[in-house]
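Residue-level listing of the chains:
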Amino acid sequence: MTAIDTIAGRPGAAAPGKVPAIELRGISKAFGPVQANKDIAIRVERGTIHGIIGENGAGKSTLMSILYGFYKADAGEILIGGQRTEIPDSQAAIRAGIGMVFQHFKLVENFTVLENVVLGAEDGAMLRPSLAKARKLLVDLAREYELQVDPDAKIEDLGVGMQQRVEILKALYRQADILILDEPTGVLTPSEADHLFRILRGLRDEGKTIVLITHKLREIMDVTDNVSVMRRGEMVATVRTADTSPTDLAELMVGRKVLLRVDKTPAQPGAVVLDVQGLRVTDGKGVERLRGIDFQVRAGEILGIAGVAGNGQSELLEVLGGIREASGAVTLNGQPLDLTGPRADGRARRDAGIAHVPEDRHRLGLILDFTAWENTGFGYQDRAEYGTGALIDQQAMRRDAQGKMQRFDVRPADCWLHAKNFSGGNQQKIVLAREIECDPDLLLVGQPTRGVDIGAIEFIHQRLIEMRDAGKAILLVSVELDEIFALSDRIAVMFDGRIMGERLPEQTDETELGLMMAGMAEGRRT
Amino acid sequence: MNGIPRWVDIALIPLINLALALLVSALVIALIGENPADAMGVMIRGAVGSAYGWGYTLYYATNFIFTGLAVAVAFHARMFNIGGEGQAALGGLGVALVCLAIPWPHWTLALVAASFGAALFGAAWAAVPAWLQATRGSHIVITTIMFNFIASALLVYLLVNVLKVPGSMAPETARFPEGARLPSAYDWGAWMGFGRSAPLNVAFFLALGCCVAVWVLIWKTRLGYEIRAFGQSEPAAKYAGIRPVRTIMIAMLISGGLAGLMAVNAVQGEAERLIIDSVQGAGFVGIAVALMGRSHPLGVLLAAILFGALYQGGAELEFEIPAISREMIVVIQALVILFTGALDNMVRGPVEGMFRRPRKGAA
């Protein structure tokens, strides 16, 4: 029996063609005062790839969590294959034939692929028969859908693309008919993403139903058959992908016209602000994360660092921001910076004129349980504008916060609200307001628009360009190639702790950068 | 507070917890065949029904304020200091040495000096676990609790072999000289009805002062801002240039110092000599007090008074109704700790939900 026979033999799988695979009727869900889903109705046809697109906080993930049994809807019903189905927990979802691939993989790092696939779905007390069965199935699936992965490899030794395949295999092993993928390409190189899409098309052609949650318009256009747009908890439209365009979708998502490109004039680079030579970092496990990095950033230009997440970009930002120690030589405006010792901390870096918008605003950039006004001064609490002596001049800090929130259009503009109660875009604006308005010589920016809605992306990009035009040096790290192209005056590509090369944005394209991001040394010269 | 009024967070929810605890206590008392209403009446009258009762209730509360504040300050840096017991015991040593070393001319001077001694010794006892945590990652819960045992053994050794009055059989220091004794509630509060026996003394006002000082420290100063930031998120604190080792050390030294100050009340104010086990579990009650008070000085003050009343009321209850034994009192106290500390979220969720919904329209 092949994998597909097993699944096709499931009851209900042979239902007539017009019954949708998933139908949701009147789904509502509130978290306290926040209405995350409002009266959602959607039909996902069997054997299609159905995209769900929407800004952050539009309610996509909540809706899928309801479908997967993580949350219980306040109202509404779920029909799977035309039958009303209660999904109180994920076990019920699996029984209903739903498989989910999360943004953050749920794998046991020190187990093998095979063990992860079987985990939780063992046939009996003894492991061996399950493993043998899974091994056979894995081989079949690999052949049918290009899902090759070494069954005996440990998860921790696999790249993210491979780990994602394991997640898909896990779902298929549990005989999923419906596969939900939450932002699956966030961690992939362009070519890995293409491979994933080939896999998804193959699965669709075998009759599986795929739900793809994403905020990337390009993916929706490339791979989906139908697309549903969510905005502020409501399903605003479901259309055939062939009948729509990225501009229309963006407008539906945001509710108004948006610019998908930033207007900028050519850069006028000045003196070298940041000079990095031979930077090396070894992490706690003895792995070399940065293997000799050299580059410069000049005043009035944006150097974009492209690369797949995990190739040393985070470490680079952490070293420059004073969070991590390193060896090598770094100068700022000609003055050497300490890379080890007590003067290699965030305070010393700020005093030297470096501001840092960290990649992970939740973990580093904000204290989520602090109010907005406490956050707009975070890292600068020693500055004289917040009072001298032991006491903080809270009135000054609040006044300052009000001003920053107004100028950066943070909504709601209530400085007493806790940081965790703002949406992703507004949280990011709080961090940006703080780091831009301290008037640094060099701004480090990591993933400035990760988890940020389209409306705010436009705003954030404009602010960064304005800063560049004001003669500041900006080092931008982003895994979004679109963003790198939109903002950078020069692009450097990082792979495995090294800089693979530098390109000018107008003289390169995604294909070349994609090759460099995958470690092909010089890529294709243009 | 995320849409819910602050008074709900720091007053209503603890009161509901307390009511639930007393309800279960009443069931337990009914189970052993006593009348819960009578028992509660005895407890409440005994604790707060007379100046006599208040004299004890507030004395116990003073101890718990110090140890509760100690736990609360450490909590803000996400350090779980459960070594208040040992730090307070060492604080007692500090007080005794200061009081016995110099013939103090007036109690005010003795109070200031003894406070320094108490805080210094308490802080020193917290410093070693803090240093181990900050630099070596040794878990502070383990090290502080081990230091409790070391403190206990050290004090027994000192009292039996070093500090004992020659010729005496009791393992305790000599009584502090006149000039080092603190005015008791009788001296300054006789008009309120406090009697000679009331253990309440001026250290109570020191405790109130510490509440205010801790409030200023945590919510008004740069140091407090950094301690809270560090406690909320160590990576974010590091990003902001807040030094982890420095922050842990400072928070724990303040915490240990506050725990040590308890000895000003118990040793200098009440016993007027250093005896074995002068702390009597107040270090651990401080954990419950800080939990119930949600690490806010005002909450700590109220919770400390509640626990003081439980201690005093419990003692009265044991005395008045012989069927209710000492152990039964401990059960009641444990129920209060259980409901206010461990089961807090059971009540918190629904109550917060109730207060969020009506505000939706306004927002």
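Residues numbered from 1 in each chain as written. Chains lettered and ligands numbered in written order. Predicted model: local features only at pLDDT ≥ 70, side-chain atom pairs only at ≥ 80, totals over all residues. Heavy atoms only, no water.

(A) Spotlight on the overall build of chain A. Along the backbone of chain A there are 18 helices and 20 strands. What you see for chain A is a C-alpha radius of gyration of 25 Å, in line with the 24 Å of a compact globule of 526 residues. Going through the 526 residues of chain A one by one, you find that 55% of them count as buried. Residue pairs in contact within chain A that sit at least 24 positions apart in sequence constitute 66% of those at least 6 positions apart. Charge separation in chain A, taken as the distance between the mean sites of 64 positive and 76 negative side-chain charges, equals 2 Å. (Helix = DSSP H or I, 4+ residues; strand = E, 2+ residues; numbered from the N terminus. Rg over C-alpha atoms; globule rule 2.2 N^0.38 Å. Buried < 20%, exposed > 50% of the residue type's maximum accessible area, 1.4 Å probe, protein only. Contact = heavy atoms within 4.5 Å. Lys, Arg positive; Asp, Glu negative; His and termini not counted. Charge placed at Lys NZ, Arg CZ, Asp CG, Glu CD.)

(B) Representation of the overall build of chain B. What chain B contains, in helices and strands, is 15 helices and zero strands. For a compact globule of 363 residues, the expected C-alpha radius of gyration is about 21 Å, and chain B comes in at 21 Å, within 12% of that figure. Taken along the three principal axes of its C-alpha coordinates, chain B extends 75 × 60 × 35 Å. Across the 363 residues of chain B, 53% fall into the buried class. The contacts in chain B between residues at least 6 apart in sequence include a share of 75% that link residues at least 24 apart. Placing the 22 positive and 18 negative side-chain charges of chain B at their respective mean positions leaves the two points 16 Å apart.

(C) The arrangement of the pairing of strand β18 (residues 473–477) of chain A in detail. All names here are of chain A. Among the five residues that make up β18, five are buried, leaving the element largely enclosed by the rest of the structure. Along β18, one buried face is formed by Ala473, Leu475 and Val477 and the opposite face, lined by Ile474 and Leu476, is buried too. Taken together, the four bridges between strand β13 (residues 302–306) and β18 define a ladder with parallel strand orientation. If you follow isoleucine 305 over to β18, its bridge partner there is valine 477. Bridge count between strand β17 (residues 442–446) and β18: five bridges; the pairing is parallel. Within β18, the position partnered with valine 445 by the bridge is leucine 476. (Pairing = 2+ DSSP bridges.)

(D) Here's a closer look at the packing of helix α5 (residues 107–136) of chain B against helix α11 (residues 244–271) of chain B. All names here are of chain B. In the contact formed by α5 and α11, the axes pass within 6 Å of each other and the chain directions differ by 140°. Comparing the axis directions of α5 and α11 gives the class oblique. The handedness of the crossing between α5 and α11 is right-handed. By residue class, the composition of the contact of α5 with α11 is 18 nonpolar, eight polar and no charged. (Axes fitted to C-alpha atoms, helices over the stretch in contact; angles between N-to-C directions. Parallel < 35°, antiparallel > 145°, perpendicular 65-115°, else oblique. Left-handed = near helix turned anticlockwise from the far one by under 90°. Nonpolar A, V, L, I, M, F, W, Y, C, P; charged D, E, K, R; others polar.)

(E) Quick peek at the environment of Tyr59(B). All names here are of chain B. Tracing the chain through its elements places tyrosine 59 in helix α3 (residues 51–76). Taking the C-alpha atoms as reference points, tyrosine 59 and glutamate 316, 257 residues apart in sequence, are found 15 Å from one another. Those residues within four positions of tyrosine 59 in sequence are excluded, and the remaining contacts are Trp54, Pro199, Leu200, Asn201, Asn265, Ala266 and Glu270.

(F) Structural context of the packing of aromatic side chains. Applying the stated rule across the entire model yields 16 aromatic pairs over all chains. Plain terms: the ring middles of Phe75(B) and Phe80(B) are 5.3 Å apart, the flat faces sit at 20° to each other, and that makes the pair stacked. Look at Phe75(B) and you get partly exposed, because its relative accessible area is 24%. A residue is classified by how much of its surface remains accessible, and Phe80(B), at 32% relative accessible area, is partly exposed. Taken together, Tyr59(B), Tyr60(B), Phe64(B) and Tyr311(B) form an aromatic cluster joined through their ring pairs. Positioned over the ring face of Phe102(A) is Lys106(A), at 4.7 Å from the centre of the ring. Cation over ring: Arg350(A) sits above Tyr380(A), and NZ or CZ is 5.3 Å from the ring centre. (Phe/Tyr/Trp six-rings, centres within 6.5 Å; stacked < 30°, edge-to-face > 60°. Lys NZ or Arg CZ within 6 Å of the ring centre and 35° of its normal.)

(G) The arrangement of the confidence of the model for chain A in detail. The predicted model of chain A averages 87 in pLDDT, with 94% of residues at 70 or higher. Note that pLDDT drops below 50 for residues 1–16 of chain A; the model gives that stretch 26 contacts with residues more than four away or on any other chain. (pLDDT = per-residue confidence, 0-100.)

(H) Looking closely at the sheet that holds strand β11 (residues 272–282) of chain A. All names here are of chain A. Here we have four strands laid out as an open sheet, ordered β12-β11-β14-β15, and antiparallel in their pairing. The open sheet has two edge strands with one neighbour each: β12 (288–298) and β15 (335–336). Sheet analysis places β11 next to strand β14 (residues 327–332), joined by five bridges and oriented antiparallel. By the bridge assignment for β14, aspartate 275 is matched with threonine 331.

(I) Fine view of a nonpolar patch on the surface. Nonpolar side chains collect at one region of the surface, where Ile142(B), Ile145(B), Met146(B), Phe149(B) and Phe284(B) lie side by side and expose about 500 Å² of accessible area between them. Mapping Ile142(B) onto the fold places it in helix α6 (residues 140–162). (Patch = residues over 30% accessible without salt bridge, like charges linked within 9 Å, V, L, I, M, F, W, Y side chains within 5 Å. Areas by Shrake-Rupley, 256 points an atom, 1.4 Å probe, with all protein chains shown as cover. Salt bridge = Lys/Arg side-chain N within 4 Å of Asp/Glu carboxyl O.)

(J) Main features of the state of the cysteines. What the rule picks out here adds up to zero disulfides over all chains. The thiol of Cys415(A) is not disulfide-bonded; the next cysteine sulfur, from Cys438(A), is found 19 Å away. (Disulfide = S-S within 2.5 Å.)

(K) Structural detail: the domain arrangement of chain A. Residues and elements named next belong to chain A. Entries for chain A in the domain assignment read domain 1 (3–254) and domain 2 (272–517). Between domain 1 and domain 2, the contact holds 13 residues from the first and 13 residues from the second. Taken together, both faces of the contact between domain 1 and domain 2 bury some 970 Å²; the carbon and sulfur share is 62%. Linking domain 1 to domain 2 there are one salt bridge. The partner of lysine 216 in a salt bridge is glutamate 480, and the shortest N-O contact between them spans 3.8 Å. Where domain 1 meets domain 2, there are zero residue pairs in polar contact (both at pLDDT 80 or more). Where the side of domain 1 that touches domain 2 is concerned, the elements lending two or more residues are α8 (217–223) and α9 (246–254). With three residues, the top contributor of residues to the side of domain 1 that touches domain 2 is α9. Its residues placed into classes, the side of domain 1 that touches domain 2 shows six nonpolar, four polar and three charged. (Domains from an automatic or database assignment. Buried area = accessible area lost by both parts, 1.4 Å probe. Polar contact = N/O pair within 3.5 Å; in protein donor to acceptor, adjacent residues only side chain to side chain.)

(L) Main features of the sheet that holds β18(A). Residue and element names in this part refer to chain A. The six strands lie next to each other as β16-β17-β18-β13-β19-β20, forming an open sheet whose pairing is mixed. Where the open sheet ends on each side, the last strands, each with one partner, are β16 (354–357) and β20 (498–503). Taking each pair of neighbouring strands and ignoring which way they run, the sheet shows an average axis angle of 20°. Bridging between β13 and strand β19 (residues 490–495) involves four bridges; their strand directions are parallel. Within β19, the residue paired with alanine 306 across the bridge is valine 493. The strands that helix α15 (residues 424–437) touches are β16 and β17; relative to β16, the one it contacts most, it runs at about 175°.

(M) Quick look at the interface of chain A and chain B. Contact residues are listed per partner, giving 38 residues for chain A and 24 residues for chain B. For the pair chain A and chain B, the summed buried surface comes to about 2,600 Å²; carbon and sulfur atoms form 51% of the total. Between chain A and chain B we count four salt bridges in total. Here Arg228(B) and Glu374(A) are joined by a salt bridge, their closest N and O atoms 2.8 Å apart.

(N) Main features of the pattern of salt bridges. Here the structure, examined in full by the defined rule, presents 48 salt bridges over all chains. The residue Asp140(A) makes a salt bridge to Arg143(A) at a minimum N-O spacing of 3.7 Å. With a gap of three residues between them, Asp140(A) and Arg143(A) both fall in helix α5 (residues 127–145), about one helical turn apart. Using a relative accessible area of 8% as the deciding quantity, one classes Asp140(A) as buried. One salt bridge connects Asp345(A) with Arg243(B), and the closest N-O pair in it is separated by 3.2 Å.

(O) Focus on the packing of helix α2 (residues 36–48) of chain B against α3(B). All names here are of chain B. In the contact formed by α2 and α3, the axes pass within 5 Å of each other and the chain directions differ by 80°. One way to sum up the angle between α2 and α3 is to call them roughly perpendicular. Mapping the contact onto sequence places Gly46, Ala47 and Val48 in α2 and Gly53, Trp54 and Thr57 in α3. Grouping the constituent residues of the contact of α2 with α3 by class yields three nonpolar, three polar and no charged.

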